[in-house]
Amino acid sequence: MINLLTPTHWKDYELIDCGDFEKLERFGDLILIRPEPQAVWSKALNQSEWQRLHHIRFKGRSATAGDWVKKSPQTPDRWHIEYKNDDVAIKFRLGLTSFKHVGIFPEQAVNWDYISGNIKKFTTPNPKVLNLFAYTGGASLIARASGADTTHVDSIKQVVTWANENQELSGIKDIRWMVEDALKFVKREVKRGKTYNGIILDPPAYGNGPNGEKWKLEDNINEMMSDVIQLLDPEEHFLILNTYSLGFSSVIIQNLIKSAFPKVENLEIGELYLQATAGPKLPLGVFGKFFKNKAS
């Protein structure tokens, strides 16, 4: 069965509407308009309502960069929001980047709930969690706040620094920060015989390591999965593979996981989406995840 999942605990985030290749979102008290290539349908709300509601709009200059246009010069460039589920609470510093991102992917809250829920069920003392392609650290913060010994790996120093800011803001400490190519890091951990109880992968379609290493999802993901499976603790574990690529389906994710790990238990595949208050559902990636714990 293919599952469709959307976050249920967000108070500081709301997708208000989406359509005509844009989305209207509330992050805390600020409402933003950003480009959204998946939103090929028409907006539910009219253009004047979008204009009335928003505080900041992203205006693209190229396929990868652009500028933020504020209605008021008093609107801040940086602000904070919180995420809280039944187990933990974390905080994020958001900011207006030239790449249309603000430092968080709200649909990932579904995976954060899975992380905290599984760590809570572990009987392993001080479980170890590895977050690969970890960006500004939402999954790392959740894992650490849930009591896991957490390693955060990303190839871009600036976003690791941003993740560390989020750690301090959340009142958490002792996440292990690694500015490194994810595939190289995993291969080294395999050689060292290391194991982890939880592994999270949210790889981009394309990327570069700190020393110019090339990452292309369809070329490298099978090798990555084969290596990552060797790092899973055999007795108690979870793994999340999340991709945002227009060419990938959840069935591809299912095949990747079963090929790398034929003995997989409790496998779940599906699609993440955000439910707009105005009506539409915005698809935002496919996932595969599984767990094994001593209690089950």
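Position labels on residues start from 1 in each chain and follow its written sequence. pLDDT decides what is reported in this predicted model: residues at 70 or higher carry local features, side-chain atom pairs at 80 or more are listed and counted, and totals for whole chains, interfaces and linings draw on all residues regardless. Only hydrogens and water are set aside; all other atoms, that is, all heavy atoms of the structure, feed into the side-chain values.

The protein chain is annotated in an unreviewed UniProt entry as Oxidoreductase from Mucilaginibacter conchicola.

Draft legend 1. Quick peek at the environment of F21. Only DSSP runs of H or I reaching four residues or more are called helices, and only runs of E reaching two or more are called strands; each is numbered from the N terminus. Within the fold, F21 resides in the loop between β2 (13-19) and β3 (22-27). F21 gets classed as partly exposed once you look at its relative accessible area, which sits at 48%. C-alpha separation for the pair F21 and I199, spaced 178 residues apart in sequence, amounts to 33 Å. Using a 1.4 Å probe on the protein chains alone, a residue whose accessible area is under 20% of its type maximum counts as buried, one over 50% counts as exposed, and one in between counts as partly exposed.

Draft legend 2. Representation of helix α6 (residues 217-229) within the structure. Expected span of a helix, by definition, is 1.5 Å for each gap between consecutive residues, and there is one gap fewer than residues. With 13 residues, α6 extends 17 Å between its outermost C-alpha atoms, agreeing within 8% with the 18 Å of an ideal straight helix rising 1.5 Å per residue. Looking at α6, one finds that the buried residues are L217, N220, I221, M224, M225, D227, V228 and I229.

Draft legend 3. Region of the structure containing the nonpolar core. Ranked by size, the top nonpolar core spans 43 residues in total, and within it W112, I115 and F238 carry the most contacts. It is helix α2 (residues 109-121) that contributes the most residues to this core, 5 residues altogether. The domain limits used here are those given by an automatic or database domain assignment. Counting residues domain by domain, this core receives three or more from each of domain 1 (11-70) and domain 2 (78-292). Each nonpolar core is a collection of buried residues, namely Ala, Val, Leu, Ile, Met, Phe, Trp, Tyr and Cys, held together in the definition by side-chain atoms within 4.5 Å.

Draft legend 4. Expanded view of the packing of aromatic side chains. Only the six-membered ring of Trp is used, alongside the rings of Phe and Tyr, when aromatic pairs are assigned; centres must lie within 6.5 Å, and planes under 30 degrees apart are stacked while those over 60 apart are edge-to-face, with the rest tilted. Following the criterion strictly, the structure yields 12 aromatic pairs and no others. Between F58 and W68 the ring centres are 5.0 Å apart and the planes differ by 70 degrees, which places this aromatic pair in the edge-to-face class. Taken together, the residues F58 in strand β5 (residues 56-60) and W68 in strand β6 (residues 66-70) connect sequence positions 10 residues apart. As far as the burial class goes, F58 and W68 line up, both buried. Three or more aromatic residues joined by ring pairs form one cluster here, namely W10, Y13, F27, Y83, F92 and W112. Placement of a charge over a ring requires the Lys NZ or Arg CZ to be within 6 Å of the ring centre, with the centre-to-atom vector within 35 degrees of the ring normal. A cation over a ring is seen here: K43 above W50, with NZ or CZ 4.1 Å from the ring centre. Note that K121 overlies the ring of F291, its terminal NZ or CZ placed 5.6 Å from the centroid.

Draft legend 5. Highlighting the sheet that holds strand β17 (residues 281-292). For two strands to be treated as a pair, DSSP must find no fewer than two bridges joining them. With mixed pairing, 8 strands are arranged side by side in an open sheet as β1-β16-β17-β15-β12-β9-β10-β11. Sheet topology places β1 (2-5) and β11 (176-179) at the edges, where each strand pairs with a single neighbour. Each strand axis lies, on average, 20 degrees off the axis of its neighbour in the sheet, ignoring direction. Where strand β9 (residues 128-132) lies against strand β12 (residues 198-201), 4 bridges are found, and the strand directions are parallel. When the sheet's bridge partners are listed, L132 is paired in β12 with L201. On the sheet, helix α3 (residues 138-145) packs against β9, β10 (149-154) and β12 and is oriented at approximately 170 degrees with respect to β10. The angle between two axes is taken between their N-to-C directions and runs from 0 to 180 degrees, where each axis is a line fitted to C-alpha atoms and a helix contributes only its stretch in contact. Whether two residues are in contact is decided by their heavy atoms: any pair within 4.5 Å suffices.

Draft legend 6. Representation of empty space enclosed by the protein in the model. Lining residues are defined by having an atom within 4 Å of a point belonging to a cavity or pocket. Those points lie on a 1 Å grid over the protein atoms alone, cavities being sets where a 1.4 Å probe fits but cannot get out and pockets being open sets with protein on both sides within 12 Å along at least five of seven lines. Grid points are joined across faces, edges and corners, and a volume is the space filled by probe spheres set on the points. Under the counting rule described, the total for this entry stands at 1 cavity of 30 Å³ or more. Computed from the structure, the largest cavity encloses a volume of approximately 200 Å³. Looking at the largest cavity, it is lined by 20 residues, and the ones nearest its centre are Q108, W112, A134, A139 and D202. Contributions of two or more residues to the lining of the largest cavity are made by α2, α3 and β15 (237-243). It is α2 that contributes the most residues to the lining of the largest cavity, 3 residues altogether. Here the nonpolar group is Ala, Val, Leu, Ile, Met, Phe, Trp, Tyr, Cys and Pro; Asp, Glu, Lys and Arg are the charged ones; every other residue, Gly included, is treated as polar. When grouped by side-chain class, the residues that make up the lining of the largest cavity number 11 nonpolar, 8 polar and 1 charged.

Draft legend 7. Here's a closer look at the environment of K294. Tracing the chain through its elements places K294 in the segment after β17. Residue class for K294 comes out exposed when judged on its relative accessible area of 51%. A sequence separation of 18 residues divides K294 from A276, and the C-alpha atoms of the two residues are 38 Å apart. In contact with K294, other than residues within four places in its own chain, are T123, T124, E235 and E236.

Draft legend 8. Fine view of the pairing of β3. For β3, the buried fraction is high: 5 of the 6 residues fall into the buried class. Looking at chain direction, β2 and β3 are connected through 6 bridges and run antiparallel. Bridge pairing in β3 links D17 to L24. Where β2 folds back on β3, the antiparallel hairpin that results is connected by 2 residues, among which D20 adopts a positive phi of roughly 55 degrees. Bridge count between β3 and strand β4 (residues 30-35): 6 bridges; the pairing is antiparallel. Across the sheet, residue E22 finds its bridge partner in β4, namely P35. Following β3, the chain reverses through 2 residues before pairing antiparallel with β4; G28 in that reversal takes a positive phi of roughly 65 degrees.

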